[in-house]
There are 2 protein chains.
Amino acid sequence: MAELPLPDLDPTSDRAVFRQIADHIRTAIEQGVLAEGDKVPSEARLMQHYGVARMTIRNALQVLQGEGLTVAEHGRGVFVRSHPPVRRLASDRFARRHREQGKAAFIAETEGAGGKPSVDSIAITEERASADVAERLGLSAEDQVIRRSRRYLINGQPVETAVSYIPAEIARGTRIEQPDSGPGGIYARLEELGHRLDHFVEEIRSRMPLRDEVRALKLAPGVPVFHLVRTAYDTDGRAVEVCDTVMSSDAYVLSYELPAR
Amino acid sequence: MAELPLPDLDPTSDRAVFRQIADHIRTAIEQGVLAEGDKVPSEARLMQHYGVARMTIRNALQVLQGEGLTVAEHGRGVFVRSHPPVRRLASDRFARRHREQGKAAFIAETEGAGGKPSVDSIAITEERASADVAERLGLSAEDQVIRRSRRYLINGQPVETAVSYIPAEIARGTRIEQPDSGPGGIYARLEELGHRLDHFVEEIRSRMPLRDEVRALKLAPGVPVFHLVRTAYDTDGRAVEVCDTVMSSDAYVLSYELPAR
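Residues numbered from 1 in each chain as written. Chains lettered and ligands numbered in written order. Predicted model: local features only at pLDDT ≥ 70, side-chain atom pairs only at ≥ 80, totals over all residues. Heavy atoms only, no water.

*Asks:* Looking at this structure, I do not really get the interface of chain A and chain B. What am I missing?
*Replies:* Interfaces are often sized by the amount of accessible area the parts lose when they come together. If you look at the interface, chain A gives 45 residues, while chain B gives 45 residues. Summing the contributions of chain A and of chain B, the shared interface buries around 3,900 Å²; its carbon and sulfur component is 53%. The tally of links from chain A across to chain B stands at two salt bridges. The residue Arg211 of chain B makes a salt bridge to Asp23 of chain A at a minimum N-O spacing of 2.3 Å. Scanning the region where chain A abuts chain B turns up 13 residue pairs in polar contact (both at pLDDT 80 or more). For the side of chain A that touches chain B, the secondary-structure elements that each account for two or more residues are helix H1 (17-30), helix H4 (96-100), strand E7 (197-207), helix H9 (211-217), strand E8 (225-234) and strand E10 (252-259) of chain A. Classifying every residue of the side of chain A that touches chain B gives 20 nonpolar, seven polar and 18 charged. (Contact = heavy atoms within 4.5 Å. Buried area = accessible area lost by both parts, 1.4 Å probe. Salt bridge = Lys/Arg side-chain N within 4 Å of Asp/Glu carboxyl O. Polar contact = N/O pair within 3.5 Å; in protein donor to acceptor, adjacent residues only side chain to side chain. Helix = DSSP H or I, 4+ residues; strand = E, 2+ residues; numbered from the N terminus. Nonpolar A, V, L, I, M, F, W, Y, C, P; charged D, E, K, R; others polar.)

*Asks:* Is there a simple way to think about the sheet that holds strand E3 (residues 87-89) of chain A in this case?
*Replies:* To summarise the sheet geometry, strands pair through backbone hydrogen bonds and adopt either a parallel or an antiparallel arrangement. Pairing within the open sheet is mixed, and its eight strands lie in the order E3(A)-E10(A)-E7(B)-E8(B)-E9(B)-E6(B)-E5(B)-E4(B). The outermost strands of the open sheet, each flanked by one partner alone, are E3 of chain A together with strand E4 (117-128) of chain B. Across the sheet, the mean angle separating the axes of adjacent strands is 20° when strand polarity is ignored. Pairing analysis gives six bridges linking E10 of chain A to strand E7 (residues 197-207) of chain B, with the strands arranged antiparallel. Paired with Pro259 of chain A across the bridge in E7 of chain B is His199 of chain B. On top of the sheet, helix H5 (residues 105-112) of chain B reaches E4, strand E5 (144-154) and strand E6 (157-167) of chain B; it is set at about 165° to E4 of chain B, its chief contact. Strands in contact with helix H8 (residues 185-192) of chain B are E5, E6, E7, strand E8 (225-234) and strand E9 (239-248) of chain B; relative to E9 of chain B, the strand with the most contacts, it is inclined by about 175°. (Pairing = 2+ DSSP bridges. Axes fitted to C-alpha atoms, helices over the stretch in contact; angles between N-to-C directions.)

*Asks:* I tried to follow the sheet that holds strand E3 (residues 87-89) of chain B on my own but got confused; where do I start?
*Replies:* What the eight strands build is an open sheet, ordered E4(A)-E5(A)-E6(A)-E9(A)-E8(A)-E7(A)-E10(B)-E3(B); its pairing is mixed. Among the strands making up the open sheet, the edge pair consists of strand E4 (117-128) of chain A together with E3 of chain B. For this sheet the average axis-to-axis angle between neighbouring strands, irrespective of direction, equals 20°. For strand E5 (residues 144-154) of chain A and strand E6 (residues 157-167) of chain A, the ladder comprises ten bridges, and the chain directions are antiparallel.

*Asks:* I tried to follow the pairing of E8 of chain A on my own but got confused; where do I start?
*Replies:* When a strand is regular, its side chains alternate between the sheet's two faces. Residue and element names in this part refer to chain A. By the criterion of burial, E8 is predominantly enclosed, with nine of the ten residues buried. Where E8 and strand E9 (residues 239-248) come together, nine bridges link them in antiparallel fashion. Paired with Val225 across the strands is Ser248, a residue of E9. Between E8 and E9, which follow one another and run antiparallel, lie four residues, and Gly237 among them has a positive phi close to 85°. (Buried < 20%, exposed > 50% of the residue type's maximum accessible area, 1.4 Å probe, protein only.)

*Asks:* Help me understand the relation of the copies chain A and chain B, please; the structure alone is not making it clear to me.
*Replies:* When chain A is fitted onto chain B, the two copies agree to an RMSD of 0.1 Å after a turn of 180° and an axial shift of 0.0 Å. Interpreted geometrically, this transformation is the action of a two-fold axis. Both copies share a contact surface, since 100% of the interface residues of chain A are interface residues in chain B too. (Least-squares fit on C-alpha atoms with pLDDT ≥ 70 in both.)

*Asks:* Whenever I open this one, the pattern of salt bridges confuses me. Can you help?
*Replies:* Scanning the model with the defined rule gives 41 salt bridges over all chains in all. Glu203 of chain A serves as the salt-bridge partner of Arg136 of chain A, at 3.3 Å between the closest nitrogen and oxygen. Remark: Glu203 of chain A occurs in strand E7 and Arg136 of chain A occurs in helix H6 (residues 131-137); sequence separation between them is 67 residues. Residue class for Arg136 of chain A comes out partly exposed when judged on its relative accessible area of 21%. When its relative accessible area of 11% is taken as the criterion, Glu203 of chain A is described as buried. Between Asp120 of chain B and Arg151 of chain B there is a salt bridge, with the nearest N and O atoms lying 2.8 Å from each other. In this pair, Asp120 of chain B is assigned in strand E4 and Arg151 of chain B in strand E5, connecting sequence segments 31 residues apart. Residue Asp120 of chain B is classed as partly exposed on the basis of its relative accessible area of 24%. The exposure class of Arg151 of chain B is buried, given its relative accessible area of 17%.

*Asks:* Explain the nonpolar core here, please?
*Replies:* Soluble globular proteins: nonpolar side chains tend toward being buried together. Residues Ile204, Tyr252 and Leu254 of chain A together with Ile204, Tyr252 and Leu254 of chain B are the most contacted members of the largest nonpolar core, which totals 64 residues. Dropping the residues within four chain positions of it, Ile204 of chain B is found in contact with Ile204, Phe226, Tyr252, Val253, Leu254 and Tyr256 of chain A together with Phe226, His227, Leu228, Leu254 and Tyr256 of chain B. Ranked by size, the runner-up nonpolar core spans 20 residues in total, among them Leu4, Ile25, Leu46 and Val78 of chain A. (Core = buried A, V, L, I, M, F, W, Y, C linked by side-chain atoms within 4.5 Å.)

*Asks:* Would you take a moment to explain the side chain of Gln65 of chain A for this structure?
*Replies:* Note on placement: Gln65 of chain A falls in helix H3 (residues 54-66). Setting aside chain neighbours within four positions, we find Gln65 of chain A in contact with Thr70, Ala72, Pro221 and Gly222 of chain A.

*Asks:* For this particular structure, what's the right way to read the packing of helix H1 (residues 17-30) of chain B against helix H3 (residues 54-66) of chain B?
*Replies:* Two packed helices can be described by the angle between their axes and the distance between those axes. All names here are of chain B. Where H1 contacts H3, the axes come no closer than 8 Å and their chain directions differ by 50°. Put simply, H1 runs oblique to H3. The handedness of the crossing between H1 and H3 comes out as right-handed. Contact residues: Val17, Phe18, Ile21, Ala22, Ile25 and Arg26 in H1; Thr56, Ile57, Asn59, Ala60, Leu61, Val63 and Leu64 in H3. (Parallel < 35°, antiparallel > 145°, perpendicular 65-115°, else oblique. Left-handed = near helix turned anticlockwise from the far one by under 90°.)

*Asks:* It is not clear to me how the environment of Glu109 of chain A should be interpreted in this structure. Could you clarify?
*Replies:* Residue and element names in this part refer to chain A. Inspection of the secondary structure puts Glu109 in helix H5 (residues 105-112). Looking at Glu109, the relative accessible area reads 17%, which means it is buried. Taking the C-alpha atoms as reference, Glu109 lies 10 Å from Phe94; in sequence the two are 15 residues apart. Discounting residues that sit within four places of it in the chain, Glu109 has contacts with Arg87, Leu89 and Arg93.

*Asks:* Please explain the packing of helix H2 (residues 43-50) of chain B against H3 of chain B as it appears in this structure.
*Replies:* Residue and element names in this part refer to chain B. In contact at an axis separation of 9 Å, H2 and H3 are set at 115° when each is read in the N-to-C sense. When the axis of H2 is compared with that of H3, the two are roughly perpendicular. Read as a crossing pair, H2 and H3 show a hand that is right-handed. Contact with H2, carried on its side by Glu43, Leu46, Met47 and Tyr50, involves Arg54, Ile57, Arg58 and Leu61 of H3 and no other residues of that element. Of the residues that constitute the contact of H2 with H3, the class distribution is five nonpolar, no polar and three charged.

Encoded structure:
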């Protein structure tokens with residue numbers, strides 16, 4: 001039997017055996033002995049190497065999967081999880097110069113990074129604002145909003161779902177209600193409608209995905225999501241859009257600049 | 001037997017029974033029928049209600065724990081996870097006016113929100129910069145840095161670990177090397193040393209915690225972390241500090257302002 005890149009168990013340790021085994025494999029991954037995409041030694045080989053029962057090995061592998069370090073592929077084995085190309089979101093991503101080039105932020109950035117952007121599952125409805133959306137938009141409980149939901153993909157892989165809410169009073173009957181909102185996206189349309197944008201506020205949470213989010217974003221086990229809510233303000237200080245997004249944490253690094261003054 | 005707030009199984013569904021059960025409990029949590037801190041019905045009651053084996057119930061509960069919705073307390077049962085008070089980090093949190101009041105950002109913010117801040121596990125060493133830190137600080141591979149690591153707690157509960165790296169050439173022999181870095185913290189000291197701060201860049205990732213992080217932050221299962229790396233720049237454009245932090249996603253909402261221009 002070929003050498004495994006793993007030490008033996010420490011019989012004097014009071015650490016549970018399955019945890020010791022998880023520790024060994026984790027260390028091998030962290031040190032690059034097992035690289036992204038590499039196959040983790042099979043259950044049979046690990047059982048033989050450590051002299052333990054299959055359930056002990058399974059428990060060890062479960063720990064690593066829960067940490068997002070490995071992924072089980074049915075019938076093929078367990079692999080060190082590969083990280084897809086990460087998209088870095090910079091704090092100037094909604095700058096007017098991008099809109100003036102006629103591209104929405106997602107398209108401009110993805111192409112800039114050499115990826116192939118696409119958008120699917122576009123759905124547009126008019127509905128009553130939820131309490132949270134109404135509060136963020138400064139609306140009252142009876143006010144209507146235009147709701148635009150969509151999913152973003154890079155090279156065919158889903159990375160983000162987003163739902164925008166725009167006061168119906170602003171967007172009703174405009175191109176913001178159309179599936180193709182036109183060059184520069186809805187922010188360009190809002191500016192044409194007289195709502196010159198001043199700034200955005202983004203709120204970021206991180207959590208494990210719910211079932212529907214796992215499905216929509218095709219998330220591997222152990223991959224959390226960013227839950228990001230952005231509010232767009234015009235130069236009169238009015239909130240003109242709320243965008244509620246769920247992003248695969250695998251696919252994004254968020255970057256922001258903060259003032260020191 | 002008292003009524004359970006859960007529907008019956010759908011025998012015509014092709015969804016696995018344990019997933020149906022997890023769906024029911026998740027829906028009860030999302031709708032507030034089971035509120036934060038509530039006990040989830042016991043395995044025995046769920047077995048009786050659904051007429052399934054214990055293993056099926058355990059698998060369903062495992063799904064919910066993995067989503068961070070519930071937490072098992074040894075010998076007491078499974079509970080809907082309570083979320084601690086969340087600390088909102090605003091984008092002006094490193095503004096000079098806070099430093100001038102003589103408080104470091106963490107202390108000022110936590111007190112402002114009515115919490116009791118504390119810091120422990122302070123360790124200070126001088127060491128060679130890692131490749132990543134050297135690159136962020138614009139140092140060469142032989143350069144030394146002062147490394148300050150510490151853990152932040154609110155009301156005695158750990159919420160964040162942080163490691164700052166400051167070029168030794170700047171910080172050696174100064175109060176930055178002392179466990180108590182003085183009023184306003186190390187940013188105030190850097191400014192006194194002539195490095196007037198201009199801005200910070202923060203990079204945010206989200207991932208599942210590693211074992212040491214679970215221990216240091218006392219994280220419940222299914223709780224991811226923010227991994228935030230901040231670089232401080234002085235008015236000459238020089239990077240004067242890198243701060244590498246791991247934050248419980250339970251305890252933080254990050255908030256940023258982005259320009260539209």
